[in-house]
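The chain contents come next:
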Amino acid sequence: MPETTDSQSSATAVADAPAVAAAAPGLRKEGEKARSLRSDAWHDLSRKPMFYISGLLILFLIVISIWPGLIASGNPLSCDLAKSQMGPTSGHPFGFDTQGCDVYTRTVYGARASVSVGIFSTLGVAVLGSLLGGLAGFFGGWWDAVLSRISDIFFGIPILLGGVVFLSVVKGGTVTTVSVFMVLLGWPQIARIARGAVITAKQQDYVQAARALGASNTRMLLRHIAPNALAPIIVVATIALGTYISLEATLSFLGVGLKPPAVSWGIDISQASSQIRNAPHMLLWPAGALSLTVLAFIMLGDAVRDALDPKLR
Amino acid sequence: MGRYVIRRLLQMVPVFIGTTFLIFVMVYALGDPVAAMFGDKAPDPATAAQIRHAMYLDHSLPAQYVHYMKQIFTGDFGTSASGQPVTQLMGSAFPVTIRLTLVAFVIEAVAGVGLGLIAGLRRGRLADSGVLAFTLIVVAVPTFVTGYVLQYFLGVKWHVANPAVAEGAPIGDLIMPGVVLAGVSLAYVARLTRTSVAENSRADYLRTAVAKGLPRRRVVTVHLLRNSLIPVVTFLGTDIGGLMAGAVVTERIFNIHGVGYQLYQGILRQNPPTVVGFVTILVIIFLAANLIVDLLYAVLDPRIRYA
C-alpha cells in the first residue's frame, strides 16, 4: 500500500473490512447513555427482523444437520433405479434423481456436510488467524514481518484455484480434508484483520495506561486488547462462513471436494447438471437449499456487521 | 514514481517465489505424477525410475523447483498430458480466457459501480433496499447454479443466447458466461461502492461543492464518485485473479476451451507441467494487476504521492 498523507489508508482498510472501525468504539453522541459494545450491538440486533429470520433458519439447519431423521424418514443411500428421474409422487415431494434416490431425503441429509464444513472451517480459520495475526500485531518485529510476507504468498493464490490443485492431489473427499484445506488457505484473511485490529487497540490510551501500571503482556492482551479487537474478527468470520459453504459446494461440483458416498448438495447438483433439460427438479431442490443456507449465513453476517460497526448507522 | 515501481517490483519477487513454490510442492510432493501416468496399475520399478530421472524427479524438491524455474525463464514449460508443449496450450487458451475475463470485468465494473452509486445516493429508500436484496441473492446463489439456470432458460428454453460458446469464442457468445462469471464480484462491487458513496456523501468537501452551486452531475461524478472509487479499484484489481480462477467453473459449464478448461484437464490427468505452468502465469497476472492498482491510487487521489 502506498504511503498516504492523511487518513486515506485507514479509510481504504475500513472499506476492505467494514468493521475495523468497530475496534474503536466510544464515538458516542452526547447525551446518549453509555453502553458496552456488546450490549449496544445486542440492542441493535434485537430490533432487526433480518437477524431473527436468518437466526431461525440457521438454527433449523443446525438441528437437521444433527438429526436429519426428524424431518426425513428415508435413507439417502437407498435408491431404486426403476424410479430414475421420476417427478414428485406422494411421499416423495421432490421426485427422484438419476439413480432413483429420493431427492427430498438427499436434500435434507445434504445439510450436514455443508453446515459442518462451514462451521469447522470458520472456527479453524478464526482461531488460527486471530492467534497468528493478533500476536504479530501485538509483538511486531521480525515475526510480524515474516507473517505479513507469508500471508502475501497465500493471497497470491486465488482460493478456488488452490482448492482445485490441493484437493486433487490430497485424496480424501471427506469433511475433514475439505475443512483442513480451507483453514490452510483461509487463515491469512482473518490474520490480516486481527493484526490491524490489535495494532489499533494497542495504541489506545487505556492500553498504554495498563502498560504504565505494570500489566503483563498476557493481561494486556486478554483483558484490554482482545475484547476490543474481537468485533471485526467476528464480523468477517460470520460472512466467511457463508462463502465457505458456497466454496465447498463449488469444489464438490468440480469433483475435488466431497466425494460419494458422501451426501452433499454440490455432488447432487453436479450429477443433476447434465440432465437439466430432462429433469430440472433434480437440480433445483439441492440448489435452492444451498442458496438458502448461504443466504442465511450472509444475512446474519450483515446484521452482525451493522450492529458492531456504528459508523454506518 | 520510478523508485516506487522498482521497490514494488522487488517486493513482488519473494511473493512470486513463495506462491509458485507452494503450488509446486502441492503438485509434485503431495501427488505422484509418475504413478498417475499408470493409472490403477503399479508401474514397473525400473521404468518408473527411468521416467523419474527423465522428469528430473530424482532430485531434492528445492533442486527440482530451481530446475523448473530455469526452464520457465528460457520459455520451456514442459509437455502436457497429450504430448503438446504446454506453451502451445497456453497460446490457444489464454486469449479465450482473457476475453472472457475482460467481458466479465467490464460487466462487473460498470454494473457494480452503477448499482452501488444508485443505492448509495438513495440510501434507505426503495432503490437502496432493492440493490441490497439483489446483491444478497447474487452472492448467496453459487456461480455454478446461476450458470446452469441461465444456460437452461436463456439458452435452451427461450433461445436468447447461445447455450455453449462456439469455436474461437466470439465476444457475442461470451456475454452470458461473462455475466455468470462476474455475478458474485458484481455484488461485492455494488456493496463496496454503496458504502463508500454513502460515507463520502456526508463529507465536508461535498457540502462545499454543493454550496458553491456546482451542478449536481459534476458534484456526483467528479467530487463524490472519484473519491468513492478508491476502495472499489482495490477490489477490482485484486479480483482479476479471482475472475481468471473462477473461469474454471464458468468454462466448464459453457464448454469454453480456455485456461480453466486446460487447468482442469491438467489436474484430472495429473500432469504437473500444465498445472504449475498455468498457475505460474496466473500468479504473474495477479501480481501485475495489484501493482497497477497501487499506481492507479495516485491518479484517483492526488493526496497520495509516491516517494
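As the structure is a computational prediction, the values presented were derived from the model and not from experiment.

A. Representation of the overall build of chain B. Tallying secondary structure elements over chain B gives 12 helices and 0 strands in all. The linear arrangement of helices and strands in chain B, starting from the amino end, is α-α-α-α-α-α-α-α-α-α-α-α. When its C-alpha atoms are laid out on the principal axes, chain B stretches across 85 × 60 × 30 Å. A buried classification covers 48% of the 307 residues belonging to chain B. Sequence-distant contacts in chain B: of pairs separated by 6 or more residues, those separated by 24 or more amount to 75%.

B. Quick peek at the domain arrangement of chain B. Residue and element names in this part refer to chain B. Along its sequence, chain B is carved into domain 1 (11–73) and domain 2 (93–300). Once you take the C-alpha centre of each, domain 1 and domain 2 turn out to be 35 Å apart. Contact residues are listed per partner, giving 14 residues for domain 1 and 13 residues for domain 2. Across the interface of domain 1 and domain 2, roughly 1,100 Å² is buried in total on both sides, 85% from carbon and sulfur atoms. It is Met12, Phe16 and Tyr68 in domain 1 that bury the most area against domain 2; as a group they hold 37% of the surface buried on that side. Along the contact surface separating domain 1 from domain 2 lie 0 salt bridges. For the side of domain 1 that touches domain 2, the secondary structure elements donating two or more residues are α1 (2–30), α2 (33–37) and α4 (61–73). Top contributing element to the side of domain 1 that touches domain 2 by residue count: α1, with 9 residues.

C. Molecular detail of the nonpolar core. In terms of nonpolar packing, the biggest core is built from 134 residues, with A:Met182, A:Leu251, A:Leu254, A:Leu290, B:Phe144, B:Leu263 and B:Phe278 touching the most fellow members. Residue contributions to this core reach at least three from each of two domains, namely domain 1 (11–73) and domain 2 (93–300) of chain B. If sequence neighbours within four positions are ignored, A:Leu251 has contacts with A:Leu160, A:Gly163, A:Val164, A:Leu167, A:Phe181, A:Met182, A:Val256 and A:Gly257. B:Val220, B:Val233, B:Tyr297 and B:Leu300 belong to the second-largest nonpolar core, a separate cluster that totals 20 residues.

D. Main features of the packing of helix α5 (residues 86–121) of chain B against helix α6 (residues 126–140) of chain B. Residue and element names in this part refer to chain B. At a minimum axis distance of 7 Å, the contact between α5 and α6 shows a crossing angle of 140 degrees. In terms of orientation, α5 and α6 fall into the oblique class. Both α5 and α6 take part in a crossing whose hand is left-handed. Residues Leu115, Ile118 and Ala119 of α5 touch α6, and the partners they reach there are Ala127, Asp128, Val131 and Phe134. Of the residues that constitute the contact of α5 with α6, the class distribution is 6 nonpolar, no polar and 1 charged.

E. Layout of the interface of chain A and chain B. Residue-level contacts link 54 residues of chain A with 58 residues of chain B. The interface formed by chain A and chain B contains 1 salt bridge. One salt bridge in this structure joins A:Asp302 and B:Arg191, with 2.9 Å as the shortest N-O distance. Remark: the boundary between chain A and chain B carries 3 residue pairs in polar contact (both at pLDDT 80 or more). Contributing elements (two or more residues each) for the side of chain A that touches chain B: α1 (8–16), α5 (141–155), α6 (159–169), α9 (217–253), α10 (265–273) and α11 (281–308) of chain A. Per element, the largest residue contribution to the side of chain A that touches chain B is 11 residues, and it comes from α11(A). Looking at the side of chain A that touches chain B, its residues break down into 31 nonpolar, 14 polar and 9 charged.

F. View of the UniProt feature "transmembrane region" (unreviewed entry) in chain B. Residues and elements named next belong to chain B. On the UniProt side, "transmembrane region" (unreviewed entry) is annotated at positions that read residues 12–31, 98–119, 131–154, 174–192 and 275–300 here. Secondary structure content for residues 131–154 is 92% helix and 0% strand, and the end C-alpha separation is 23 Å. A helix fraction of 100% and a strand fraction of 0% characterise residues 174–192, whose end C-alpha atoms lie 26 Å from each other.

G. Representation of the UniProt feature "domain: ABC transmembrane type-1" (unreviewed entry) in chain A in the model. As annotated in UniProt, the feature "domain: ABC transmembrane type-1" (unreviewed entry) corresponds to residues 111–301 of chain A in the numbering used here. Overall, residues 111–301 of chain A shows 83% helix and 0% strand. The separation of its end C-alpha atoms is 19 Å.

H. Examining unusual backbone geometry more closely. Residues and elements named next belong to chain B. A positive phi angle is found at Asn255, which is not glycine, with a value near 55 degrees. Along the chain, the position of Asn255 falls in the loop between α10 (216–253) and α11 (259–268). Classification of Asn255 by relative accessible area gives partly exposed; the value is 44%.

I. Here's a closer look at the confidence of the model for chain B. Residue-level pLDDT values for chain B average 82, and 94% of them are 70 or greater. Across chain B, the element-wise mean pLDDT spans from 67 in α2(B) up to 89 in α5(B).

J. Local environment of the UniProt feature "transmembrane region" (unreviewed entry) in chain A. All names here are of chain A. Under the present numbering, the feature "transmembrane region" (unreviewed entry) in UniProt falls on residues 50–71, 115–139, 159–185, 229–247 and 283–304. Strand forms 0% of residues 50–71 and helix 77%; the C-alpha atoms that close the span are 25 Å apart. As annotated, residues 115–139 has a helix share of 100% and a strand share of 0%, and its two end C-alpha atoms lie 35 Å apart.

K. The packing of aromatic side chains, seen in detail. Inspection of the entire model under this criterion finds 14 aromatic pairs over all chains. Ring geometry for A:Phe253 against B:Tyr148: centres 5.9 Å apart, planes inclined by 75 degrees, an arrangement best described as edge-to-face. Here B:Tyr148 lies in helix α7 (residues 143–157) and A:Phe253 lies in helix α9, a pairing that spans two chains. Since its relative accessible area comes to 1%, A:Phe253 is described here as buried. Taking relative accessible area as the criterion, B:Tyr148 reaches 8% and is therefore assigned buried. The interplanar angle of 10 degrees and the centroid separation of 5.7 Å between the aromatic rings of B:Phe94 and B:Phe278 together place this pair among those described as stacked. Of this pair, B:Phe94 sits in helix α5 while B:Phe278 sits in helix α12 (residues 272–300), placing them 184 residues apart in sequence.

L. How the structure looks around the side chain of B:Ser228. All names here are of chain B. You can see Ser228 is positioned in helix α10. Polar contacts involving the side chain of Ser228 include one to the main-chain carbonyl oxygen of Leu224, which spans 2.7 Å. Residues in contact with Ser228, not counting those within four places in the same chain, are Ser196, Val197 and Asn200.

M. The environment of B:Phe144, seen in detail. Note on placement: B:Phe144 falls in helix α7. Residue classification places B:Phe144 among the buried residues on the basis of a relative accessible area of 0%. Distance from B:Phe144 to B:Val249, taken between C-alpha atoms, is 6.6 Å for residues 105 residues apart in sequence. Discounting chain neighbours no more than four positions away, the residues touching B:Phe144 are A:Ala249, A:Thr250, A:Phe253, A:Ile269, A:Leu290, B:Val249 and B:Ile253.

N. Representation of a nonpolar patch on the surface in the model. Residue and element names in this part refer to chain A. On the surface, Leu56, Leu59, Phe60, Val63, Ile66, Trp67, Leu70 and Ile71 cluster together into a nonpolar patch covering about 810 Å² of accessible area. When you line up the elements, Ile66 lands in helix α3 (residues 49–66). By relative accessible area, which is 47% here, Ile66 ends up partly exposed.

Procedures and definitions
Residues numbered from 1 in each chain as written. Chains lettered and ligands numbered in written order. Predicted model: local features only at pLDDT ≥ 70, side-chain atom pairs only at ≥ 80, totals over all residues. Heavy atoms only, no water. Helix = DSSP H or I, 4+ residues; strand = E, 2+ residues; numbered from the N terminus. Buried < 20%, exposed > 50% of the residue type's maximum accessible area, 1.4 Å probe, protein only. Contact = heavy atoms within 4.5 Å. Domains from an automatic or database assignment. Buried area = accessible area lost by both parts, 1.4 Å probe. Salt bridge = Lys/Arg side-chain N within 4 Å of Asp/Glu carboxyl O. Core = buried A, V, L, I, M, F, W, Y, C linked by side-chain atoms within 4.5 Å. Axes fitted to C-alpha atoms, helices over the stretch in contact; angles between N-to-C directions. Parallel < 35°, antiparallel > 145°, perpendicular 65-115°, else oblique. Left-handed = near helix turned anticlockwise from the far one by under 90°. Nonpolar A, V, L, I, M, F, W, Y, C, P; charged D, E, K, R; others polar. Polar contact = N/O pair within 3.5 Å; in protein donor to acceptor, adjacent residues only side chain to side chain. UniProt positions renumbered as here; feature names shortened; annotations may be inferred. pLDDT = per-residue confidence, 0-100. Phe/Tyr/Trp six-rings, centres within 6.5 Å; stacked < 30°, edge-to-face > 60°. Patch = residues over 30% accessible without salt bridge, like charges linked within 9 Å, V, L, I, M, F, W, Y side chains within 5 Å. Areas by Shrake-Rupley, 256 points an atom, 1.4 Å probe, with all protein chains shown as cover.

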